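Next come the chains, spelled out residue by residue.
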Amino acid sequence: MNEVLLSNQVIVYLLSESILFLLLFVAFIVSLKVLMKWDFERFTPLQFALEREAYLVTTILLFTFSMKFLMIIYFIFSIDALSLLVPGAMCAAGVITANEYGSYLLILKLVILFFLTLWFYINTYDMRTKNHQWFKKKSWVFSFIFLLIVIELVLDLKYFSNIDTHLPVSCCSALFGQLEGANPLPFGLTVPLLLVLFYLLYVLVLLTLKTNQTLLYILANILFVYIAYYAVVYFFGTYIYELPTHKCPFCMLQAEYMYVGYFLWISLFVGTYIGLSDAISTLWLKLSHTRSQKTVTYLLSFFVLLCTAYVAIYYFKNGVLL
Amino acid sequence: MMIQIEELYKTFSHVGNDVPVLKDISLNIHKGECVVLQGVSGSGKTTLLSLIAGLDKPSSGKVLIEDEPISKLPDLFASELRAKKIGMIFQHFNLFEHLSVGENVTIPLIPSGMKLNVIHEKVDVALHLANIIHKKESLASRLSGGEKQRTAIARALVANPDIILCDEPTANLDRENSLLFIDIIKELHSMGKTIVIATHDPLFDHLDFESTVIPMVDGKIVK
């Protein structure tokens with residue numbers, strides 16, 4: 001059997017994902033039944049039974065979705081640990097590109113997390129109405145998430161069972177390093193322009209958040225997370241590694257960098273997801289205003305401050321920039 | 001109408017069998033009315049009180065508190081409604097034994113966000129009304145049965161609810177304390193509170209104030 005499938009981390013990961021999938025499968029079947037027959041205005045035995053089942057489904061989803069947030073962290077940790085098995089890999093970057101499924105799997109996981117956050121928001125609003133006003137919308141979002149999770153499970157199995165431990169992979173410096181003359185940054189940006197855009201978008205996100213310009217806020221948020229990814233990999237990361245040629249989004253997750261990558265990526269993605277979910281649910285459910293301004297502000301500000309701090313500390317210590 | 005019950009059914013499942021506990025209960029209780037649900041143990045009185053209080057959900061049918069369908073409300077709203085409009089008195093008092101009388105009575109007001117001095121005032125008023133102010137600092141574990149019941153009454157009254165629900169309130173009291181309890185109920189009735197008492201105590205058969213006795217047998221109201 002594949003050496004990767006026998007590693008402790010992968011066994012634990014796949015087993016945990018399978019258990020969560022089983023729970024979600026039960027919840028999905030029950031929620032479909034509830035969705036088909038739901039009529040909150042009725043006082044019949046069927047409706048009361050459906051309400052009890054809906055409560056059960058919500059409880060299962062709150063648990064499994066919370067676990068999914070932890071599982072992505074464990075997934076990253078697992079593939080990082082697998083770099084010891086895969087020749088050529090120095091960190092998770094090499095392992096994730098060990099076959100054609102890895103990158104799609106990671107992107108899918110990030111997309112699923114966004115929809116989970118959206119579901120959490122709609123669920124919170126639904127629980128605050130006397131007549132479960134958003135129950136159907138919440139259930140349709142769950143149905144869509146379940147579909148994504150089915151694809152995720154298939155990709156999980158495909159990915160881990162197709163990692164060849166005899167085939168060398170590229171390490172992060174080969175994957176993210178600049179090829180001769182090639183500019184890896186989006187929109188043909190240079191690093192100084194990337195930084196200007198990074199800080200401008202951060203300010204724009206906070207401003208649009210404060211002034212409740214929801215559509216602009218959504219756009220600014222999406223752009224910010226996109227630009228922030230490149231800013232971390234191609235600029236701030238080099239200060240974390242204290243090496244101008246080391247450009248990698250994964251190495252910073254390792255112990256030698258005090259796991260700072262977890263803090264950076266979690267604050268960025270959670271902050272963005274909360275902001276986006278709040279804004280989208282506000283628009284979709286026609287609510288008066290967003291409700292997570294403080295959380296988003298704290299998380300994104302923490303992210304920006306942490307990035308900036310690495311540059312500042314390096315400068316104060318060495319008197320030069322990289 | 002203060003409490004409106006329409007075609008209420010409650011069935012419990014026990015080892016795969018459905019056990020009907022309430023069958024087709026319809027009842028209207030006006031504001032200020034005192035209703036005594038009379039019946040032997042197992043007749044469904046306590047279940048009916050739990051449904052009125054929104055502590056449990058029916059199998060079918062409606063329970064409306066001032067036109068609000070408490071039987072359909074999510075837990076959050078049912079708790080809010082209960083905190084504002086309903087006071088409950090239980091057979092076993094359900095006091096925190098390690099807390100003092102005053103602290104036990106204070107508990108329902110903690111989530112209200114009221115200022116401390118307002119809470120203290122309300123607690124004292126409730127303790128006076130239930131005639132237990134003299135034991136305010138005593139631990140609940142040191143009280144007699146009658147004193148515990150009066151503490152429970154004070155706790156039920158402290159939020160000034162419109163409805164008082166009593167579940168077998170005199171089952172653990174001697175005759176003297178039971179009569180004292182009835183005197184307090186009479187006082188509450190005169191204050192315009194809506195009172196529902198579930199009991200099998202014959203002392204409630206002929207109260208010396210206006211009340212309606214509703215007999216219950218096997219989960220049904222006997223006309």
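Note that the structure is a prediction, hence the values are computed from the model and not measured. (Residues numbered from 1 in each chain as written. Chains lettered and ligands numbered in written order. Predicted model: local features only at pLDDT ≥ 70, side-chain atom pairs only at ≥ 80, totals over all residues. Heavy atoms only, no water.)

Visitor: How should I be thinking about the packing of aromatic side chains in this particular structure?
Guide: When we look at a pair of aromatic rings, we describe it by the centre distance and by the angle of the planes. Throughout the structure, instances matching the rule amount to 45 aromatic pairs over all chains. Taking 6.1 Å as the distance between ring centres and 45° as the angle between the ring planes, the aromatic pair formed by Phe69 of chain A and Phe120 of chain A counts as tilted. On the criterion of sequence distance, the pair formed by Phe69 of chain A in helix α2 (residues 45-82) and Phe120 of chain A in helix α4 (residues 102-127) is long-range, its members being 51 residues apart. A relative accessible area of 23% means that Phe69 of chain A is categorised as partly exposed. Measuring from ring centre to ring centre gives 5.9 Å for Tyr74 of chain A and Phe77 of chain A, while their planes differ by 35°; the resulting arrangement is tilted. Within this pair, Tyr74 of chain A and its partner Phe77 of chain A are both found in helix α2, separated by three residues, close to a single helical turn. Note on Phe77 of chain A: relative accessible area 38%, which makes it partly exposed. Following the ring pairs from residue to residue traces out a cluster consisting of Phe114, Phe115, Phe144, Phe187, Tyr226, Tyr229, Tyr230, Tyr234, Trp265, Phe269 and Tyr273 of chain A. Note that Lys62 of chain B overlies the ring of Phe43 of chain A, its terminal NZ or CZ placed 4.8 Å from the centroid. The lysine or arginine in question, Lys72 of chain B, covers the ring of Phe40 of chain A, its NZ or CZ lying 4.5 Å from the ring centre. (Phe/Tyr/Trp six-rings, centres within 6.5 Å; stacked < 30°, edge-to-face > 60°. Helix = DSSP H or I, 4+ residues; strand = E, 2+ residues; numbered from the N terminus. Buried < 20%, exposed > 50% of the residue type's maximum accessible area, 1.4 Å probe, protein only. Lys NZ or Arg CZ within 6 Å of the ring centre and 35° of its normal.)

Visitor: Help me understand the sheet that holds strand β8 (residues 194-199) of chain B in this model?
Guide: Pairing between sheet strands relies on hydrogen bonds along the backbone, with the strands arranged either parallel or antiparallel. Residue and element names in this part refer to chain B. Spatially, six strands are ordered β6-β7-β8-β3-β9-β10 in an open sheet, and the strand pairing comes out mixed. Of all strands in the sheet, those with a lone pairing partner are β6 (86-89) and β10 (220-221), marking the two edges. Taken together, the five bridges between strand β7 (residues 163-167) and β8 define a ladder with parallel strand orientation. The residue of β8 that forms the bridge with Ile163 is Thr194. Sheet contacts for helix α5 (residues 145-157): β6 and β7; angle to β6, the most-contacted strand, approximately 170°. Across the sheet, helix α6 (residues 175-190) touches β3 (34-38), β6, β7 and β8, and the angle it forms with β8 is around 150°. (Pairing = 2+ DSSP bridges. Contact = heavy atoms within 4.5 Å. Axes fitted to C-alpha atoms, helices over the stretch in contact; angles between N-to-C directions.)

Visitor: Sorry, what's going on with the pattern of salt bridges here?
Guide: Proximity of charged atoms lets side chains of opposite charge pair with each other. A complete count under the given rule lists 17 salt bridges over all chains for this structure. Here Glu17 of chain A ties to Lys109 of chain A by a salt bridge, and the two come within 3.7 Å at their closest N and O atoms. Here Glu17 of chain A is found in helix α1 (residues 8-37), whereas its partner Lys109 of chain A is found in helix α4, with 92 residues between them in sequence. In this pair, the class of Glu17 of chain A matches that of Lys109 of chain A, namely buried. Note that Asp208 of chain B and Lys186 of chain B form a salt bridge whose closest N and O atoms lie 3.2 Å from each other. You can see Asp208 of chain B sitting in the loop between β8 and β9 (212-217) and its partner Lys186 of chain B sitting in helix α6, a full 22 residues away along the chain. (Salt bridge = Lys/Arg side-chain N within 4 Å of Asp/Glu carboxyl O.)

Visitor: Please explain a nonpolar patch on the surface as it appears in this structure.
Guide: A contiguous nonpolar surface patch, about 560 Å² in accessible area, is contributed by Phe187, Leu204, Leu216, Leu219, Leu223 and Tyr226 of chain A. Top element by residues in the nonpolar patch is helix α8 (residues 214-241) of chain A. It accounts for four residues. (Patch = residues over 30% accessible without salt bridge, like charges linked within 9 Å, V, L, I, M, F, W, Y side chains within 5 Å. Areas by Shrake-Rupley, 256 points an atom, 1.4 Å probe, with all protein chains shown as cover.)

Visitor: What should I look at first to understand the state of the cysteines in this one?
Guide: Linking two cysteines covalently via their sulfur atoms produces the bond known as a disulfide. Counted by the stated rule, this structure contains zero disulfides over all chains. This cysteine, Cys91 of chain A, is not joined by any disulfide, and Cys251 of chain A carries the nearest cysteine sulfur, 3.5 Å off. Lacking any disulfide linkage, Cys34 of chain B is separated from the closest cysteine sulfur, that of Cys166 of chain B, by 8.0 Å. Exposure remark for Cys34 of chain B: the relative accessible area of 1% places this residue in the buried category. (Disulfide = S-S within 2.5 Å.)

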